[in-house]
Amino acid sequence: AARLAAAKALAPRPDATWRALVDDLARSDDPDIRLGAAGLLIEVDADRARDVLSDLAQSQNAAIREQAGQQLAAAVSHDLPALRQLLRSRDLMTQVQAARGVLELTR
């Protein structure tokens with residue numbers, strides 16, 4: 001948790017050391033740490049963030065699934081095919097977030 005807090009504090013000025021730290025956090029065994037790392041990665045490596053979030057969206061823990069789905073829907077908010085894919089998520093809140101994104105893009 002302390003390493004994630006440090007990464008968040010350094011996020012406004014990311015460098016190679018920061019990136020290595022966040023990449024390491026994204027591989028953590030703790031899903032909350034991985035969620036936090038994915039949130040930081042969205043700005044610098046959206047594809048990596050989506051990979052982490054997609055993995056977490058399959059979690060057995062409903063709270064982790066919901067948080068990952070919400071972050072994932074936000075991360076792909078301008079990608080209609082990705083949002084449509086999220087409509088098939090097993091997490092209801094992810095489906096709702098994806099449907100909201102589809103509606104906003106197709107208005």
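Structure: see above.
Described in the following lines is the structure provided in the data block. (Residues numbered from 1 in each chain as written. Predicted model: local features only at pLDDT ≥ 70, side-chain atom pairs only at ≥ 80, totals over all residues. Heavy atoms only, no water.)

### Section: the environment of T94
Defined as follows: Per the convention used, a helix needs a DSSP run of H or I reaching at least four residues, while a strand needs a run of E reaching at least two, with both numbered from the N terminus. The rule is simple: take the accessible area with a 1.4 Å probe, protein chains only, and divide by the maximum for that residue type; under 20% is buried, over 50% is exposed, in between is partly exposed.
Following the sequence through the fold, T94 ends up in helix α7 (residues 92-106). Residue classification places T94 among the buried residues on the basis of a relative accessible area of 0%. Separated by 80 residues in sequence, T94 and P14 place their C-alpha atoms 29 Å apart.

### Let's talk about the packing of helix α4 (residues 46-56) against helix α5 (residues 62-75)
Rule in force here: Every angle, taken between N-to-C directions, lies between 0 and 180 degrees, and every axis is a line fitted to C-alpha atoms, over only the stretch in contact when it is a helix. Any angle from 65 to 115 degrees is called roughly perpendicular, while one under 35 is roughly parallel, one over 145 is roughly antiparallel, and all others are oblique. Crossing handedness is defined as follows: a turn of the near helix away from the far one that is anticlockwise and smaller than a right angle gives a left-handed crossing, while the clockwise case is right-handed. We call two residues in contact when some of their heavy atoms are within 4.5 Å.
At a minimum axis separation of 8 Å, α4 and α5 run at an interaxial angle of 150°. In terms of orientation, α4 and α5 fall into the roughly antiparallel class. As α4 runs across α5, the sense of the crossing is left-handed. When α4 is examined against α5, the residues R50, L53, S54 and L56 are found in contact with a partner set consisting of I64, R65, A68, Q71, L72 and A75.

### Brief notes about α5
We count it as follows: What a helix is expected to span follows from its residue count: subtract one and scale by 1.5 Å. When we speak of the arc, we mean the arc of directions from the helix axis to the C-beta atoms. Counting of polar contacts relies on pairs of N or O atoms within 3.5 Å, with two restrictions inside protein: one atom must be capable of donating a hydrogen and the other of accepting it, and residues adjacent in sequence are counted only when both atoms are side-chain atoms.
Along its 14 residues, α5 runs 20 Å from first to last C-alpha, staying within 8% of the 20 Å computed at 1.5 Å per residue. Taken together, the buried positions of α5 are I64, R65, A68, G69, L72 and A73. Relative to the axis of α5, the buried residues are bounded by an arc of 155° and lie together on one face. Backbone nitrogen of A63 and a side-chain oxygen of the N-cap are separated by 2.8 Å at the start of α5; the cap is N61.

### Focus: the layout of surface pockets
Rules: As defined here, a cavity is a set of points on a 1 Å grid over the protein atoms alone where a 1.4 Å probe fits but cannot get out. A pocket is an open set with protein on both sides within 12 Å along at least five of seven lines, and residues line them when an atom is within 4 Å of a point. Grid points are joined across faces, edges and corners, and a volume is the space filled by probe spheres set on the points. By the convention adopted, Pro, Cys, Tyr, Trp, Phe, Met, Ile, Leu, Val and Ala count as nonpolar, Lys, Arg, Asp and Glu as charged, and the other residues, Gly among them, as polar.
What the largest pocket holds in volume is close to 240 Å³. Lining the largest pocket we find R50, S54, A57, Q58, L72, V76, A82, Q85, L86, R88, S89 and R90. Taken together, the elements giving at least two residues each to the lining of the largest pocket come down to α4 and α6 (80-86). If one sorts the elements of the lining of the largest pocket by residue count, α6 sits on top with three residues. Across the lining of the largest pocket, the residue classes break down as five nonpolar, four polar and three charged.

### Quick look at the nonpolar core
Filter applied, for reference: Throughout, nonpolar core names a set of buried Ala, Val, Leu, Ile, Met, Phe, Trp, Tyr and Cys residues whose side chains join them through atoms within 4.5 Å.
Counting residues in each nonpolar core, the largest one holds 28 residues, and the members touching the most others are A7, V22 and L25. Those elements that provide at least two residues to this core are α1 (2-10), α2 (16-26), α3 (31-41), α4, α5, α6 and α7. In terms of residue count, the dominant contributor to this core is α3 (six residues). The contacts of L25, once residues within four sequence positions are left out, are R3, L4, A7, I33, R34 and A37.

### Some points on the pattern of salt bridges
The condition is simple: Just to be clear on terms, a salt bridge is a Lys or Arg side-chain nitrogen sitting within 4 Å of an Asp or Glu carboxyl oxygen.
Counted by the stated rule, this structure contains six salt bridges. A salt bridge links D55 to R34, with the shortest nitrogen-to-oxygen separation between them at 2.4 Å. Of this pair, D55 sits in helix α4 while R34 sits in helix α3, placing them 21 residues apart in sequence. Looking at R34, the relative accessible area reads 14%, which means it is buried.

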